[in-house]
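Here is how the chains run, residue by residue.
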Amino acid sequence: MDITGRKLFVKALLEEGVDTIFAYPGGMITDILDELYKTPQIKVVLPRHEQALIHEAEGYARATGKTAVCLVTSGPGATNTITGIADAFYDSIPLVIFTGQVLQNLIGNDAFQEVDIVGMTRSVVKYGVTVSDRNKLGRIIKMAFQIAPSGKPGPVLIDIPKDIQIASGDSEYPSYVDIRGYKPNNNVHVGQLKKAYKLLKNAERPIILAGGGINIARANEGLRKFAEQTNVPVVTTVMGKGAMSFDHPLYIGNCGMHGRYAANKAVSECDVLFSVGTRFNDRITGALNEFAPKASIVHIDIDTASISRNVVVDVPVVADANMAFEKLLEWAEPKDMEDWLTRIETWNKEHPLTMRSDLGLCPQAIMEAINDVFPNSIVVTDVGQHQMWASQYINLGAESQMIMSGGLGTMGFGFPAAIGAKIGARDKDVVCITGDGGMQMNMQEMATSIIEQANVTVCIINNQYLGMVKQFQHLFYGKRYEITCLRRNIDCPDECKGPSGACPPYVPDFVKWAESYGALGLRVTEPGQIEDALREAKANKTTTIIEFMISSDELVLPMVKGGNAMSEMILK
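Residues numbered from 1 in each chain as written. Predicted model: local features only at pLDDT ≥ 70, side-chain atom pairs only at ≥ 80, totals over all residues. Heavy atoms only, no water.

A.B. asks: Can you lay out the environment of Val129 for me, pointing to particular residues and giving the numbers?
C.D. replies: Tracing the backbone shows Val129 in strand β6 (residues 127-130). As a C-alpha pair, Val129 and Ile140 span eleven residues in sequence and 8.4 Å in three-dimensional space. Those residues within four positions of Val129 in sequence are excluded, and the remaining contacts are Val118, Ile140, Leu157, Ile158 and Asp159. (Helix = DSSP H or I, 4+ residues; strand = E, 2+ residues; numbered from the N terminus. Contact = heavy atoms within 4.5 Å.)

In structure tokens:
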């Protein structure tokens, strides 16, 4: 029996086990929304902006491990999603995005709210298509759900014209589609993996570099067992944080632009770098010709295109991280690493990761208090200095998780992603660590948080500046703080070297703003108030905003200037 496209759409979601969809209404998806209205098995979440909608879906996907589903209308509804789609693409987050489209006979005629969203997003989706045949709709949707989570996960975009939604056609929804030209690797090249392990086995100063791919593949346990069986120390990228528990004796810390001194030194001095699930982006490598200069490099990654793209490696291995560790554990033997581990610990003692505490509220103290009050939680960050402080000082164990925007570095990601994470993981505490700048990019999502009872604790680290750019201006641009001061108004002098008593008041008042939505608003100005505020937030039954008023002079250190070697760290 034939059914309409909109009925097949809902049937497909149900067969895929979708129970939550993030959607914003508009003329070109009203027929689909009407069908969803009749389907109580699928919860429809209404954000307040389409960019935030995608970020909420990203948080949901990260927290649950599921493919998240989004639905928006044509024109500006679709174009508002592009930043979020790019964010998901660079961080390998499985999303299926459905966009409405004008009638097919109007496409190309500059119809109202017509855009070529498939063309616009072609470089930041795994697959994108406009459905032109009603009888192919089921096959295309199935392809989307097969492609998004497989291989290297990522977003898929399906553009559905209005006439396809209302037209009748085949009711079948296939259980599997053989996709010509798409064959993600599901095997391990044992010969290459043996070469990789032989290098590690013979090394005197080996390091395992764990990237975000470990967390995406949920391969944390395999990494831990392999490190323990070989006695090889582990460093992580920022996106790889949490791949190994913070308190494991073999875990050194994050490496990279704001990495721990000992971790960067270990990468610079190692003789074998055994890397798994990383892209080797510039925030990790610094100057390419000086990255791990003494090491033979192994690169295990699910994505063939990532291997030797940025760093030419000695042993490439295309494999899923779980499958690679499963095979490696068959061969793993303990190594005598006492001298190497002692050397790393010496570096750690010479330059421990710590902040000065004479500037008032210390970000390190805030992060450590979050560790104490919210153990085993999901921590979501926005982008900026606070993100790096969180990556340095938030402790992640087996029951905790950190979600952030890594590849694209999208300000405004944190708050909506935290809401999405809470919707996906109602039984977990969710803490959003954000800056006063990033918070203002999607602060309208407080309405979503309240109406969905997605109660999160939002820690706004307020230094009254766009802090990461200000840090560059402070260190490298003669303290010329052009458009980074968030207190600046039209009456301020042209030249300003920093805060003074003459500065105008900060806008907005985050506490009053939170209260206007029915949330709890708190402001912390003294170190002794930190823990009490966090505990009040934890006990609160609605979303809580805690504004931490820190000094604008705080810097994220260590720091490596862009283009320099990772061994050239600014320490103070």
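Okay, back to it.
A.B. asks: How would you explain the state of the cysteines if you had to name every residue and give the values?
C.D. replies: For the coordinates displayed, the defined rule picks out zero disulfides. Note on Cys362: no disulfide assigned, nearest cysteine sulfur contributed by Cys459 at a separation of 15 Å. In this structure Cys496 is a free cysteine whose sulfur lies 5.8 Å from that of Cys503, the closest cysteine sulfur available. (Disulfide = S-S within 2.5 Å.)

A.B. asks: How would you sum up the nonpolar core? Please name residues and give values.
C.D. replies: Generally speaking, soluble globular proteins have nonpolar side chains that are buried together. Among the nonpolar cores identified, the biggest contains 50 residues, and Leu95, Val380 and Ile545 are the most heavily contacted of them. Apart from the residues within four sequence positions on either side, Val380 is in contact with Ile403, Phe413, Gly414, Ala417, Ala418, Ala421, Val430, Val431, Cys432 and Ile433. (Core = buried A, V, L, I, M, F, W, Y, C linked by side-chain atoms within 4.5 Å. Buried < 20%, exposed > 50% of the residue type's maximum accessible area, 1.4 Å probe, protein only.)

A.B. asks: So what's going on with the pairing of strand β4 (residues 68-72)? Residues and values would help.
C.D. replies: Walk down a regular strand and you will see the side chains alternate between the two sheet faces. With five of five residues buried, β4 lies mostly within the body of the structure. Here two bridges tie strand β2 (residues 20-23) to β4, and the two strands are oriented parallel to one another. The residue of β4 that forms the bridge with Ala23 is Leu71. Inspection of the sheet shows β4 paired to strand β5 (residues 95-101) by five bridges, in the parallel sense. Paired with Val69 across the bridge in β5 is Val96. (Pairing = 2+ DSSP bridges.)

A.B. asks: Quick one: what's the story with the packing of aromatic side chains, residue by residue and with numbers?
C.D. replies: Evaluated as defined, the whole model comprises 14 aromatic pairs. A centroid spacing of 4.7 Å and a plane angle of 75 degrees characterise the contact between Phe9 and Phe98, whose relative ring orientation is edge-to-face. Within this pair, whereas Phe9 is found in helix α1 (residues 5-15), its partner Phe98 is found in strand β5, the two being separated by 89 residues in sequence. Residue classification places Phe9 among the buried positions, given a relative accessible area of 1%. Owing to a relative accessible area of 0%, Phe98 belongs among the buried residues under this scheme. (Phe/Tyr/Trp six-rings, centres within 6.5 Å; stacked < 30°, edge-to-face > 60°.)

A.B. asks: Which residues make up the packing of α1 against helix α7 (residues 137-147), and what values go with them?
C.D. replies: The description of two packed helices rests on the angle between their axes and on the distance between the axes. Orientation of α1 relative to α7, taken along the N-to-C sense of each, is 30 degrees, at an axis distance of 10 Å. Taken together, α1 and α7 sit at an angle that is classed as roughly parallel. In terms of crossing hand, the pair formed by α1 and α7 is right-handed. Across from Gly5, Leu8, Phe9, Ala12 and Leu13 in α1, the residues of α7 making contact are Leu137, Gly138, Ile141 and Phe145. Taken together, the residues of the contact of α1 with α7 break down into seven nonpolar, two polar and no charged. (Axes fitted to C-alpha atoms, helices over the stretch in contact; angles between N-to-C directions. Parallel < 35°, antiparallel > 145°, perpendicular 65-115°, else oblique. Left-handed = near helix turned anticlockwise from the far one by under 90°. Nonpolar A, V, L, I, M, F, W, Y, C, P; charged D, E, K, R; others polar.)

A.B. asks: If you had to explain the pattern of salt bridges to someone new, which residues and values would you point to?
C.D. replies: Here the structure, examined in full by the defined rule, presents 23 salt bridges. A salt bridge links Arg224 to Glu221; its shortest N-O distance comes to 2.3 Å. With Arg224 and Glu221 both in helix α11 (residues 220-230), this residue pair falls three residues apart, about one helical turn. On the basis of relative accessible area, Arg224 is assigned to the partly exposed category, the value being 26%. Given a relative accessible area of 42%, Glu221 falls into the partly exposed group. The salt bridge involving Glu228 is made with Arg224; its shortest N-O contact spans 2.7 Å. With Glu228 and Arg224 both in helix α11 and four residues apart, the pair spans about one turn of that helix. (Salt bridge = Lys/Arg side-chain N within 4 Å of Asp/Glu carboxyl O.)

A.B. asks: Describe the pairing of strand β9 (residues 206-210), and please don't skip the residues or the numbers.
C.D. replies: A large share of β9 lies buried, amounting to five of its five residues. Note that β9 and strand β12 (residues 272-276) share five bridges and pair parallel. Residue pairing across strands places Pro206 opposite Val272, the latter belonging to β12. Examined bridge by bridge, β9 and strand β10 (residues 234-236) share three bridges and lie parallel to one another. In the strand pairing of β10, Ile208 is matched with Val234.

A.B. asks: An account of unusual backbone geometry is requested, with residue identities and associated values reported.
C.D. replies: The amide bond that connects Val507 to the next residue, Pro508, takes the cis arrangement and shows omega of 5 degrees. Considering the arrangement of structural elements, one finds Pro508 in the loop between α21 (467-476) and α22 (510-516). Of note, the amide linkage connecting Leu557 to Pro558 takes the cis form, showing an omega dihedral of 0 degrees. When you line up the elements, Pro558 lands in the segment after β20 (544-549). Unlike most non-glycine residues, Arg218 shows phi in positive territory, near 55 degrees. The residue Arg218 is located in the loop between α10 (212-216) and α11 in this model. Exposure remark for Arg218: the relative accessible area of 45% places this residue in the partly exposed category. Backbone geometry at Ile483 places phi at a positive 45 degrees, although glycine is not the residue there.

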